[in-house]
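# Structural overview
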Amino acid sequence: MIKLSNVNKIYKVKNSKIHAVKDVNLNINEGEIFGIIGYSGAGKSSLIRMLNQLEKPTEGEITIGSKIISSIKGSELRKARQEIGMIFQHFNLLWSRTVKDNIAFPLEIAGVKKQEINRRVDELIKLVGLEGRENSYPSQLSGGQKQRVGIARALANNPRVLLCDEATSALDPETTDQILDLLVDINKKLNLTIALITHEMHVIEKICDRVAVMENGEIVELGSVLEVFKSPKAEITKKFVRQVMDPSENENVIAHLKENHPTGKLIKLKFLNEEVEKPLITTLIRKFNCEINILHGKISQTHIGSYGELFILLNGEENEMQNALNYINEYGAEAEVVIQNGKTIS
Amino acid sequence: MEKLFPNVKWETIFEATQETLYMTAVSVVATFILGLLLGLVLFLTSKGNLWENKFINSIVSSVVNIFRSIPFIILIILLIPFTMFIIKTMLGANAALPALIIGAAPFYARLVEIALREIDKGVIEATRAMGAKTSTIIFKVLIPESLPALVSGITVTSIALVGYTAMAGVVGAGGLGNLAYLEGFQRSQNDVTFVATITILIIVFAIQFLGDFITNKLDKR
């Protein structure tokens, strides 16, 4: 649906150049929610703005559907933009217009007839759950409600692509989740392709199918959210994953377990998706002559599946324990011996 | 009344007030249009905006600055040939109009530019992302979103214009300024000067009140 090939963006500032986006190649599939994560200054803002040519790429080609967005201009570009919705961190609503008129604005721009505008606006207000607030001004709305208006406005012209520029970064955690739920909802209902940028791993975890991690203008990691969560490769990705998996909690747990279990192997298991549901522990107990203690566990629910960690304590004959470990690895879960006989291994 | 203001002829005051109001009204309307146009050009051609153009921006900016710095009384004299050319006379209310408009429009243009700069850049970006033409951005975003500031700006400018009409009056344009100078000052009739001043004060207060009222009505922020 969206294809970027060799996209570069260079800003010229007095006597120096800033290479904001470097050689980005990306394919975003139809109907998927694609997240781009990075710290501020990573180039993600420039990247998403090139998707509707709010910024022109210095080099490279961007196509959306069958249109080469990066090279069109004038009325053709304006027409293409009408088919790409966009929502913003600070909502960017017109304070001088009511909720209704804000949602009607893109329809006015597209030259839709008055009657049709009214019908469509009512439909959109229902879709985003703003019934009763039609005649309020933005200043009378909460942050979450403002973003709902933003979403309704972005969807007015039935776009096939929605761009989200830090859409939840100005909202509190609860409102963030409501807006994310709404995004997933419209993604399914309308088979909308969503490209979003964020600096919060929580957003990626909750709604994205695939994720690209950006650092210094480059995409340093790309893959399905589960993959990236399970085995982050780049240093920055590990940092982001820690945002939601909270390693300090694990460290505390390990320290605590080390004190209380001076013998045996303490194993950290990583599960992905369906493995979480298969009865691994039962099989282990039945098949091997070991004692197994479940000590600590946690499962994170992402948009496309679950990802879990489990700490178990294995006690028994060295041979039997090794067999059990081999079995776990064959089974598909990732096992890592963290403590052996009271000594930290990793 | 007769004893308090022995020299005041109320019909003359009434006539002069009408002239002052006429000059103010016409010049305010013209200043609003011309100033808005200049202000839009100043804003749109400035750095990072839709028609970014250093050359045009610096030309318009210099013209605005030059006309804004010339003291009004000198501007009237400088504009005599121009006024003679289009109005064909230097006397009466109409003769004051070119100078009033040319004196006030650049001032208002700066106020317009400031008002437009206050608009959230994100709103303009969002409108561009919707596929809007520049004309749509001007008429449906820039002007409506800055309207309270545009109105309070024209209020300030109108009050300045009332002052300008009094100055123009001294050089023959009629109105309350003319009355206060000729009948009041030159003939030492202090009561006439006093009544003319009070009338001007009332006009200024009325404009300020009306301007504040409209600004508050418009502002939904």
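Just so you know, these numbers come straight off a predicted model, no measurement behind them.

### Thoughts on the overall build of chain A
A count of helices and strands for chain A gives 12 helices and 15 strands. Structurally, chain A occupies a C-alpha span of about 80 × 55 × 35 Å along its principal axes. Counting only residues that meet the buried cut, chain A has 52% of its 346 residues in that class. With the model as given, the accessible surface of chain A reaches about 15,900 Å², and the carbon-plus-sulfur share is 45%. Positive and negative side-chain charges in chain A, numbering 44 and 45 respectively, have mean positions lying 8 Å apart.

### What about empty space enclosed by the protein?
A complete count under the given rule lists 5 cavities of 30 Å³ or more for this structure. Empty space within the largest cavity amounts to approximately 120 Å³. In this structure, the largest cavity is lined by 14 residues; those nearest its centre are A:Ile84, A:Gly85, A:Arg153, A:Ala154 and B:Met130. Looking at the lining of the largest cavity, the elements with two or more residues in it are helix H2 (74-82), strand S6 (84-88) and helix H5 (143-155) of chain A together with helix H6 (121-129) of chain B. Looking at the lining of the largest cavity, the element that brings in the most residues is S6(A), giving 4 residues. Looking at the lining of the largest cavity residue by residue, the class counts come to 9 nonpolar, 3 polar and 2 charged. The calculated volume of the second largest cavity comes to roughly 70 Å³. What lines the second largest cavity is simply B:Asn7, B:Val8, B:Lys9, B:Thr12, B:Ile13, B:Leu179, B:Glu183, B:Gln189 and B:Val192. The set of elements that each furnish at least two residues to the lining of the second largest cavity consists of helix H1 (10-44) and helix H8 (175-185) of chain B. By residue class, the composition of the lining of the second largest cavity is 4 nonpolar, 3 polar and 2 charged.

### Thoughts on the sheet that holds strand S3 (residues 33-37) of chain A
Residue and element names in this part refer to chain A. Spatial ordering of the open sheet is given by S6-S7-S8-S3-S9-S10, a layout of 6 strands whose pairing is mixed. In this open sheet, the two edge strands, each paired with only one partner strand, are S6 and strand S10 (218-224). Here the average twist between neighbouring strands, direction ignored, is 15 degrees. In the sheet, S6 pairs with strand S7 (residues 161-165) via 5 bridges, with the strands oriented parallel. In the sheet register, Ile87 faces S7, and the bridge partner there is Cys164.

### Describing the domain arrangement of chain A
Residues and elements named next belong to chain A. In terms of domain boundaries, chain A breaks down into domain 1 (2-243) and domain 2 (246-344). Computed from C-alpha atoms alone, the centre-to-centre distance between domain 1 and domain 2 is 40 Å. Of the roughly 1,300 Å² buried where domain 1 meets domain 2, counting both sides, 64% is carbon and sulfur surface. Here domain 1 and domain 2 share 0 salt bridges between them. Counting every contact that joins domain 1 to domain 2 gives 1 residue pair in polar contact (both at pLDDT 80 or more).

### So, the interface of chain A and chain B
Residue-level contacts link 22 residues of chain A with 22 residues of chain B. Of the charged contacts, one joins B:Glu125 and A:Arg49 as a salt bridge, the two residues approaching to 2.5 Å between their closest N and O atoms. Where chain A meets chain B, there are 8 residue pairs in polar contact (both at pLDDT 80 or more). Residue composition of the side of chain A that touches chain B, by class: 11 nonpolar, 5 polar and 6 charged.

Parameters at a glance
Residues numbered from 1 in each chain as written. Chains lettered and ligands numbered in written order. Predicted model: local features only at pLDDT ≥ 70, side-chain atom pairs only at ≥ 80, totals over all residues. Heavy atoms only, no water. Helix = DSSP H or I, 4+ residues; strand = E, 2+ residues; numbered from the N terminus. Buried < 20%, exposed > 50% of the residue type's maximum accessible area, 1.4 Å probe, protein only. Areas by Shrake-Rupley, 256 points an atom, 1.4 Å probe, with all protein chains shown as cover. Lys, Arg positive; Asp, Glu negative; His and termini not counted. Charge placed at Lys NZ, Arg CZ, Asp CG, Glu CD. 1 Å grid on protein atoms, 1.4 Å probe; cavity = no way out; pocket = protein on both sides within 12 Å on 5 of 7 lines; lining within 4 Å. Points joined across faces, edges and corners; volume = space filled by probe spheres on them. Nonpolar A, V, L, I, M, F, W, Y, C, P; charged D, E, K, R; others polar. Pairing = 2+ DSSP bridges. Axes fitted to C-alpha atoms, helices over the stretch in contact; angles between N-to-C directions. Domains from an automatic or database assignment. Buried area = accessible area lost by both parts, 1.4 Å probe. Salt bridge = Lys/Arg side-chain N within 4 Å of Asp/Glu carboxyl O. Polar contact = N/O pair within 3.5 Å; in protein donor to acceptor, adjacent residues only side chain to side chain. Contact = heavy atoms within 4.5 Å.

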